[in-house]
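# Structure at a glance
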Amino acid sequence: KAGVTQTPRYLIKTRGQQVTLSCSPISGHRSVSWYQQTPGQGLQFLFEYFSETQRNKGNFPGRFSGRQFSNSRSEMNVSTLELGDSALYLCASSVGTGNTEAFFGQGTRLTVV
Amino acid sequence: GQQVMQIPQYQHVQEGEDFTTYCNSSTTLSNIQWYKQRPGGHPVFLIQLVKSGEVKKQKRLTFQFGEAKKNSSLHITATQTTDVGTYFCAGRNYGQNFVFGPGTRLSVLP
């Protein structure tokens, strides 16, 4: 079966702009989690969605938001981009929440200039 | 909030040597997962541990969950160059999200 698909793979944005990243989970998976990965901070949890509801939220400013659609696809949005938002954004899908393995997508590499 | 630490941060071994990475949580965990990320790749699930004192083996990899469910370890016997990558543990407190450790980057010299 197809894996987790994230689009776009690479993105360059200017400081102050906003960006929307997309994640299509594995068919049948209802949970989607988002992570920010940077060399200095490692994998930082952003948020988790299950059946269109946000289940958990990490410690990120309100500029970071997300949503999940009825087909389980998810988007995350970052407004008023800062240089420090440059990172690899990873999406992970799983069948359920909390006790099942997560399948990661290839990620979206965001560069803010 | 919950914190997950891992040691060592880096490990360089000669091919054939053993390798161990340790994961420690500031709080009791309901379950812990281990992932491997190859350079330039994305994290790939290895295993999940749920029970206190649980030990699981996958070929040359041995995973252990501490009795108090606050620590875990991953041991690789006789490393190979294919073992190169960063190994992450991810601990979850009941009802909360997974918190990833900073990872241990393993390099294997042929």
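Keep in mind that what you see is a predicted model, and the values were worked out from it rather than measured.

Thresholds applied
- Residues numbered from 1 in each chain as written.
- Chains lettered and ligands numbered in written order.
- Predicted model: local features only at pLDDT ≥ 70, side-chain atom pairs only at ≥ 80, totals over all residues.
- Heavy atoms only, no water.
- Helix = DSSP H or I, 4+ residues; strand = E, 2+ residues; numbered from the N terminus.
- Rg over C-alpha atoms; globule rule 2.2 N^0.38 Å.
- Buried < 20%, exposed > 50% of the residue type's maximum accessible area, 1.4 Å probe, protein only.
- Contact = heavy atoms within 4.5 Å.
- Buried area = accessible area lost by both parts, 1.4 Å probe.
- Polar contact = N/O pair within 3.5 Å; in protein donor to acceptor, adjacent residues only side chain to side chain.
- Disulfide = S-S within 2.5 Å.
- Pairing = 2+ DSSP bridges.

### Some details on the overall build of chain A
- Scanning chain A for helices and strands turns up zero helices and 11 strands.
- Seen in sequence order, chain A has helices and strands lined up from the N terminus as β-β-β-β-β-β-β-β-β-β-β.
- Relative to the compact-globule value of 13 Å for 113 residues, chain A shows a C-alpha radius of gyration of 13 Å, a close match.
- Reported as C-alpha extents along the three principal axes, the dimensions of chain A are approximately 35 × 25 × 25 Å.
- Taken across its 113 residues, chain A has 50% of its residues classed as buried.

### Some points on the interface of chain A and chain B
- Listed per partner, the contact involves 14 residues of chain A and 16 residues of chain B.
- For the pairing of chain A and chain B, the buried interface totals around 1,400 Å² over both sides, and the portion due to carbon and sulfur atoms is 52%.
- Of all residues in chain A, A:Leu43, A:Gly98 and A:Phe104 give up the largest surface area on contact with chain B, accounting jointly for 35% of the area buried on that side.
- Taken together, the connections running from chain A to chain B amount to four residue pairs in polar contact (both at pLDDT 80 or more).

### A look at the state of the cysteines
Residues and elements named next belong to chain A.
- One pass over the structure, following the stated rule, counts two disulfides over all chains.
- Between the sulfur of Cys-23 and that of Cys-91 lies a disulfide, 1.7 Å long from S to S. Here Cys-23 and Cys-91 share a disulfide; its torsion about the S-S bond, -40°, makes the bridge left-handed. Here Cys-23, found in strand 3 (residues 19-24), pairs with Cys-91, found in strand 9 (residues 87-94); they are 68 residues apart in sequence, far enough to count as distant.
- The exposure class assigned to Cys-91 is buried, which follows from its relative accessible area of 0%.

### Details of the side chain of A:Ser94
- Mapping A:Ser94 onto the fold places it in strand 9.
- Using a relative accessible area of 7% as the deciding quantity, one classes A:Ser94 as buried.

### Side note on the pairing of strand 3 (residues 19-25) of chain B
Residues and elements named next belong to chain B.
- What you see with strand 3 is a clean split: Phe-19, Thr-21, Cys-23 and Ser-25 sit on the buried side and Thr-20, Tyr-22 and Asn-24 on the side with no burial.
- The sheet contact formed by strand 1 (residues 4-7) and strand 3 spans four bridges and is antiparallel. Bridging from a neighbouring strand, Ile-7 pairs with Tyr-22 of strand 3.
- Of the strand pairs in this sheet, strand 3 and strand 8 (residues 71-76) are connected by six bridges, and their pairing is antiparallel. In the sheet register, Thr-21 faces strand 8, and the bridge partner there is Leu-74.

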